[in-house]
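# Understanding the architecture of this molecule
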Amino acid sequence: LGDQMQLPAPTRGAHGDGAGGASCLEYYAGDGVAADRGVFLGVSYRLHPKLCAAISELVYSTAEREHYSKRRSPFGLILAALDLCWRRPLYGHGTTPALTSLSFALRYDGRLEAHASAAKRRLSGSRAGDLVKADAGLVVVDVPDDGVYRAATANLREAAVVARIVAELLDARLVEDGETYRELTADDVLVVCPYNAHVRAVEAALAIKGAANVRVGTVDRFQGREAPIVVASLCVAAGLGVDETDDDAATATRGAAFALDRRRLNVALSRAQCLAVLVAAPELADGAATSLDRMRELAMLARLRELAAEVVLVEDESSG
């Protein structure tokens, strides 16, 4: 009983075969629960349908798992490369290849569905600003990288944007059951960061905006929690000086590969009952894919952008 697509239990030690450190659930279920091995509970009472659709497609899709189960084979490498080349041009990065006829490479049959009661939640009312206008679902906020924070685990530019978003959203009201309205409070917002240093930077920025009571923490801290609004900040704009081809566990704890880990993104975004806001540098998708796993992560980021209700560009966070 559990969810193998959430964060695994902490382990100590290294296992050369790649499977020795897996939990019983991970070892038994692998990337998905086959019909002859268990029952998939396919209804979410937490996620709004607009957000559930994105999570379902990218994390709990049978076709997606089957597609990437071939990731160690030459055919899997070709498919992942096509995914990456096809997705990038959709939001202005890279050059457009003649791959329209091959868009089948990422077709999905998402298995997770939102309960009808979740569709009744939404944000309403006027807000102090207009950075995020959506009332539910997924929003991507681009914070261009200026090179200053590319090699840091705390990004002051993103922290300032996160604080601005939170301050604006706290002026809205929450519709819980389609009819009942209430004012949003600090307890209705979670801010998720990949690194503790970035947590402290966001906390400082929120204090300046008068929102010091908003909970800020890492993905590990918030697994199992939920709130109407989640703001997730990826912090990084590229790898942080680590070799993306290195399989050593010590090098996997920093950089874009860590921030874009599918399970970590799943936990971060799926904490939201109504609205999830992903704050990231658009340059993150321009990193060189030196392995099949990196190709897969970049393709997933591109697909998240496609599924977002809004993609907002913040030219200068100081203007907010």
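Quantities reported herein were computed from a predicted structural model and do not represent experimental measurements.

When helices and strands are counted, the protein chain shows ten helices and eleven strands. Partitioning the contacts of the protein chain with sequence separation of at least 6, the portion at a separation of at least 24 is 80%. Accessible surface computed for the protein chain: about 14900 Å², of which carbon and sulfur atoms make up 51%.

A few words on helix 2 (residues 49-59). For helix 2, the tally of buried residues reaches eight of eleven residues, placing the bulk of the element in the interior. Those residues of helix 2 lying buried are Leu51, Cys52, Ala54, Ile55, Ser56, Glu57, Leu58 and Val59.

Here we take up the nonpolar core. Leu234 and Leu278 are the most contacted members of the largest nonpolar core, which totals 39 residues. Looking at which element gives the most residues to this core, the answer is helix 2, with five residues. In contact with leucine 278, not counting residues within four places along its chain, are Val139, Val140, Val141, Ala232, Leu234, Leu265, Leu301 and Leu304. Membership of the second largest hydrophobic core comes to 38 residues, among which are Leu131, Val166, Val216 and Leu275.

As a further point, take the sheet that holds strand 3 (residues 122-124). Reading across the sheet, the three strands line up as 3-5-6 and stay open at both edges, with antiparallel pairing between neighbours. Either end of the sheet is taken by a strand with one partner, and the two such strands are strand 3 and strand 6 (181-183). Put simply, the sheet's adjacent strands are angled 35° from each other on average, direction ignored.

Here strand 11 (residues 310-313) shows a buried face lined by Glu310 and Val312 and an unburied face lined by Val311 and Leu313. Here strand 4 (residues 137-142) pairs with strand 11 via four bridges, running parallel. Within the sheet, the bridge partner assigned to valine 141 lies in strand 11 and is valine 312.

In this section: the confidence of the model for the protein chain. Scored by pLDDT, the protein chain comes out at a mean of 75, with 65% of its residues at no less than 70. Within the protein chain, helix 6 (residues 196-208) carries the highest mean pLDDT (97), whereas helix 3 (residues 62-68) carries the lowest (44). Below pLDDT 50 for its whole length, residues 62-72 participates in 33 contacts with residues either more than four positions away or in separate chains. When the criterion is pLDDT under 50, residues 86-109 qualifies, and its contacts beyond four places in sequence or with other chains add up to 43 contacts.

As a packed pair, helix 2 and helix 9 (residues 262-269) sit with axes 11 Å apart at the nearest point and diverge in direction by 165°. Taken together, helix 2 and helix 9 sit at an angle that is classed as roughly antiparallel. Between helix 2 and helix 9 lies a crossing whose hand is left-handed. Where helix 2 approaches helix 9, its residues Leu51, Ile55, Leu58 and Val59 are matched on the opposing element by Arg262, Asn266 and Leu269. Counted by class, the contact of helix 2 with helix 9 contains five nonpolar, one polar and one charged residues.

Moving on, we come to the environment of glycine 217. With respect to the element layout, glycine 217 can be found in strand 8 (residues 215-218). For glycine 217, a relative accessible area of 3% translates into the label buried. A sequence separation of 15 residues divides glycine 217 from valine 202, and the C-alpha atoms of the two residues are 9.4 Å apart. When residues no more than four places from it in sequence are discounted, the contact partners of glycine 217 are Val191, Val192, Cys193, Val199 and Phe222.

Bringing the sheet that holds strand 9 (residues 227-233) into the picture now. The six strands are arranged 8-7-9-10-4-11 in an open sheet whose pairing can be described as parallel. Pairing within the sheet leaves two strands with one partner each, and these edge strands are strand 8 and strand 11. This sheet shows a mean twist of 20° between the axes of neighbouring strands, independent of strand direction. Where strand 9 lies against strand 10 (residues 272-280), six bridges are found, and the strand directions are parallel. Pairing of alanine 227 across the sheet is with alanine 272, part of strand 10. Here helix 5 (residues 156-169) sits on the sheet in contact with strand 4, strand 7 (189-193), strand 9 and strand 10, set at roughly 150° to strand 10.

Below, the discussion takes up the state of the cysteines. Enumeration according to the criterion identifies zero disulfides in this entry. Cysteine cysteine 193 remains unbridged, with the sulfur of cysteine 235 as its closest cysteine sulfur at 7.7 Å. Cysteine 193 gets classed as buried once you look at its relative accessible area, which sits at 1%.

Cut-offs and rules
The numbering scheme is per chain: residues are counted from 1 as the chain's sequence reads. Residue-level local features of this predicted model are given only where pLDDT is at least 70; pairs of side-chain atoms are given and counted only at 80 or more, and the full residue set underlies all totals for whole chains, interfaces and linings. Note that water and hydrogens are dropped before the side-chain values are worked out from all heavy atoms of the structure. Secondary structure elements follow DSSP: runs of H or I of four or more residues count as helices, runs of E of two or more count as strands, with numbering from the N terminus. In what follows, residue pairs with any heavy atoms lying within 4.5 Å of each other are defined as contacts. All accessible-area figures derive from a Shrake-Rupley calculation using a 1.4 Å probe, and residue coverage is judged against the displayed protein chains alone. Classification of residues uses two cut-offs on accessible area relative to the type maximum, computed with a 1.4 Å probe and protein chains only: under 20% is buried, over 50% is exposed, and between them is partly exposed. Throughout, nonpolar core names a set of buried Ala, Val, Leu, Ile, Met, Phe, Trp, Tyr and Cys residues whose side chains join them through atoms within 4.5 Å. The criterion for strand pairing is that DSSP finds at least two bridges linking the strands in question. Geometry is summarised by axes, namely lines fitted to C-alpha atoms with helices restricted to the contacting stretch, and by angles between N-to-C directions that run from 0 to 180 degrees. Per residue, pLDDT measures the predictor's confidence, with a range of 0 to 100. Just so you know how the angles are binned, under 35 degrees is roughly parallel, over 145 roughly antiparallel, 65 to 115 roughly perpendicular, and the rest oblique. Left-handed is the label given to a crossing in which the near helix is rotated counterclockwise from the far helix by less than a right angle, and right-handed is the label when the rotation is clockwise. Classification convention: Asp, Glu, Lys, Arg as charged; Ala, Val, Leu, Ile, Met, Phe, Trp, Tyr, Cys, Pro as nonpolar; all other residues, Gly among them, as polar. Only a pair of cysteine sulfur atoms within 2.5 Å counts as a disulfide in this structure description.

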